[in-house]
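# Summary of the model geometry
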Amino acid sequence: MRRVSFPYMGTSYIPFEKLITAFGNEVVVPQRPTEETISYGTKYAPEFACYPFKIVLGTYIQALKAGANTLVSSGGVGPCRAGLYTTLQEKILKDLGYEFEMIVLEPPGRHLKDLMHNIKKLINTRLTLRDYLNIGRFTWKQLVLLDKVERLSHKTRPLEVKKGESTQVYKKCVELIAGAEEYKDLTDIERETQQLYDAIEKRDYDPIKIGIVGEIYVLMEPSSNLEIEEILGELGVYVERSMFLSGYTISNAVMDLFHMAGERDAKKMAAPYFKEMCGGHGRESIGNSIIFAKRGFDGIIQLSPFTCIPEIVAKSILPKVCKEHGVRFLTISLDEQTGKEGLRTRLEAFVDLLMAKRKKTKPVKVKSLVAKEMA
Amino acid sequence: MKIGIPRALAYYAYYPFLNTFFEKLGLEVIVSDETTKEIMDMGIQDTITDACVPIKLFHGHVRNLMERVDYVLVPRLVSINHESTFCPKFLGLPDMLSCSISQLQNMLEVRIDLKKSRLELFMVCMRLAKKFKKGFFSAYNAYLKALLSFKNYTHQFLQGGIPPLGIVGQKKNNPIHLAVVGYPYMLYDPYLSLDLIKKLANMGVYVVTPEMLSERDKKKQAGKLKKTLFWTFSNEVIRSAYYFFENRNVDGIIHVTAFGCGPDFIVDKLMEIDAKKYKMPYLTITLDEHTGQGGLNTRLEAFVDMLKIKKSRKEAALA
Ligand code: SF4
Ligand code: SF4
């Protein structure tokens, strides 16, 4: 029996668990990264490994200790390092004496055959075409819903009257979605979550708006970015993130299959400043910053794992871009040494700065775009 | 017309081609000065702190040149073969420069992407020649001469020399043979590498670098990894290392890497794990703008002494 585990990123474990179980495997659900995870990661990863590498390595170690014998991960074609994570992680873990099989799912564009072959290894039960369609439909819906409730939490949090209410509702929604068994459940849950959010008492004002860009893992996994979205929301800021899971899955798998470039707009926007695709999400960071600026956001925050190559390139370009588009930006380098208190102080200072700037430049509108969207 | 070439990054791997091509085209080629503390400091000022040293140095060298030439050549090195590209920082180099040195108005950005065919290189050269209003024949001639000079250069390496450091034939009968692997711009910039190779040579070590192995020998090691690395220079480094692991024709390996280098955390760890497997003495030297001479000397001496002792023990055991 395969006992499968995989990296932990945001709420993605929920659909993955369902998917892999449906294929007839046992799943060792990866743990949300904790200090222990990170300490394993930093202990066994090379010093200069990017932060996501360390967290994922730590997660694997915990999963193997919990009895996993198969690790599944996505690959990648570079030019950044993420696509080579698995090669090195496998070596490190085997060197530590763990026994397991590493299954790497490469994006379909170049290695469609390998992908099929690897997926086959994971299918350990007889399924009809209909089953496949059902599983596919269910998983996708789950992904989309998870993204949706998260987006709603970002919108509601700055407007909430009772602090912490949105976070609670969000947690509740995730639980509901995770508990769904069938497609029909999900449609019901969709309605229910909407009602839950509607019931939150909201103020009507125009919050400071900050767009978050950066490398995908630290963007999507709150424990790696010290729950930055929550901190900002509680400071009364409306946060929007440039990347969501379902969006990422599309651009990575589907677009790749048809050799289309994902995230078209962001790339086009970035083109004058960033002419070459250089892996990771550096170019998207620039492009999305411009999009946020055009939409009237007050500030941009770039999240970058310490030593992340594409984000270093992006970071060198951001000052110019933000100056030309009249937004302020703040770069936050994340690694195991970044402290939450320090981060909070920096964020508070940044938000104060944005407020001061807004007072100077534009009168506060009575009803904001965000508030309108919410209505 | 003066064309400036920064003495940094890809320069160290391809300078004979670059210099010859532009000279034969009839331009005046000005290479930036050899790295000094001043150049390093200028580079540090222009770049963000977490950029790696070689990138900082490139900025410094551009500063050193930009006011005394008509054009500063900034290559955007994308690929030279179909299997790999270069480090993302090479790919974004011109973009970074135009943002971090805003006064730089005379950048000559040249994109080099040869994955489609070898012919591409010729096309790039033709486009450049056209820009400088040179005819087809002088361009073709310059291109051929440039290729020749590059070939000659690689040949010198195969003969046991290290031309960028002015080292000609090394004595094969030196007691200790050491492989020093790393990117050309790390190994062959004497300021950045704190003259590491010459130091070793003075200790009576025969030094082999990745450039001194034939393409064929390196290619043969390509299958050693489950997945080819994405970066051209990294493949050179790791394949050389595997060549030495297999053939055991050196006594140890030193990996020279830059502090905070992106690709190298993978490259270094892979080599470290496998060095253990092959029982090959292995030392990583990480360099940055603060590395001091003293510490480096001690580490090198200790490593070489260890190898000498090991060797004499082995010989004693055999005798
Ligand atoms: S994008 Fe950044 S974090 Fe991701 S692999 Fe590359 S360097 Fe590491
Ligand atoms: S390979 Fe390493 S040292 Fe070279 S430019 Fe990239 S990050 Fe810097």
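Above this text you will find the structure in question.
Here we summarise the structure given alongside this text.

Cut-off values and rules
Residues numbered from 1 in each chain as written. Chains lettered and ligands numbered in written order. Predicted model: local features only at pLDDT ≥ 70, side-chain atom pairs only at ≥ 80, totals over all residues. Heavy atoms only, no water. Helix = DSSP H or I, 4+ residues; strand = E, 2+ residues; numbered from the N terminus. Buried < 20%, exposed > 50% of the residue type's maximum accessible area, 1.4 Å probe, protein only. Areas by Shrake-Rupley, 256 points an atom, 1.4 Å probe, with all protein chains shown as cover. Near = heavy atom within 4 Å. Nonpolar A, V, L, I, M, F, W, Y, C, P; charged D, E, K, R; others polar. Domains from an automatic or database assignment. Salt bridge = Lys/Arg side-chain N within 4 Å of Asp/Glu carboxyl O. Polar contact = N/O pair within 3.5 Å; in protein donor to acceptor, adjacent residues only side chain to side chain. Contact = heavy atoms within 4.5 Å.

Here we take up the overall build of chain A. Counting secondary structure elements, chain A contains 16 helices and 8 strands. Counting over 375 residues, chain A shows a buried share of 55%. For chain A, the exposed surface amounts to about 16,700 Å²; the carbon and sulfur share of it is 55%.

For the rest of this paragraph, the subject is the site of ligand 2. Residues and elements named next belong to chain B. Taken together, the residues surrounding ligand 2 are Cys52, Pro54, Cys87, Lys89, Phe90, Tyr183, Tyr185, Cys261, Gly262 and Pro263. A per-class count over the shell around ligand 2 returns 8 nonpolar, 1 polar and 1 charged. When residues of the shell around ligand 2 are assigned to domains, at least three map to each of domain 1 (2-156) and domain 2 (163-318).

Right, let's get into the pattern of salt bridges. Taken as a whole and judged by the stated rule, the model has 36 salt bridges over all chains. With a closest N to O distance of 2.8 Å, Arg32(A) and Glu227(A) form a salt bridge. In this pair, Arg32(A) is assigned in the loop between strand 2 (26-27) and helix 2 (35-44) and Glu227(A) in the loop between helix 9 (216-220) and helix 10 (228-234), connecting sequence segments 195 residues apart. Classification of Arg32(A) by relative accessible area gives partly exposed; the value is 38%. The partner of Arg76(B) in a salt bridge is Asp95(B), with the nearest N and O atoms 3.0 Å apart. Note that Arg76(B) is positioned in strand 3 (residues 71-79) and Asp95(B) in helix 5 (residues 93-100), a separation of 19 residues in sequence. Like Asp95(B), Arg76(B) is buried. Through salt bridges with shared partners, one network takes in Asp206(A), Lys209(A), Asp298(A) and Arg358(A).

Residue and element names in this part refer to chain A. Mapped onto the elements of the fold, Gln302 is located in strand 7 (residues 299-305). Looking at Gln302, the relative accessible area reads 0%, which means it is buried. Looking at Gln302, its side chain comes within polar contact range of the side chain of Glu311, at 2.8 Å. Among residues more than four places away in sequence, those in contact with Gln302 are Val213, Glu311, Ala314, Lys315, Leu318, Leu330, Thr331 and Ile332.

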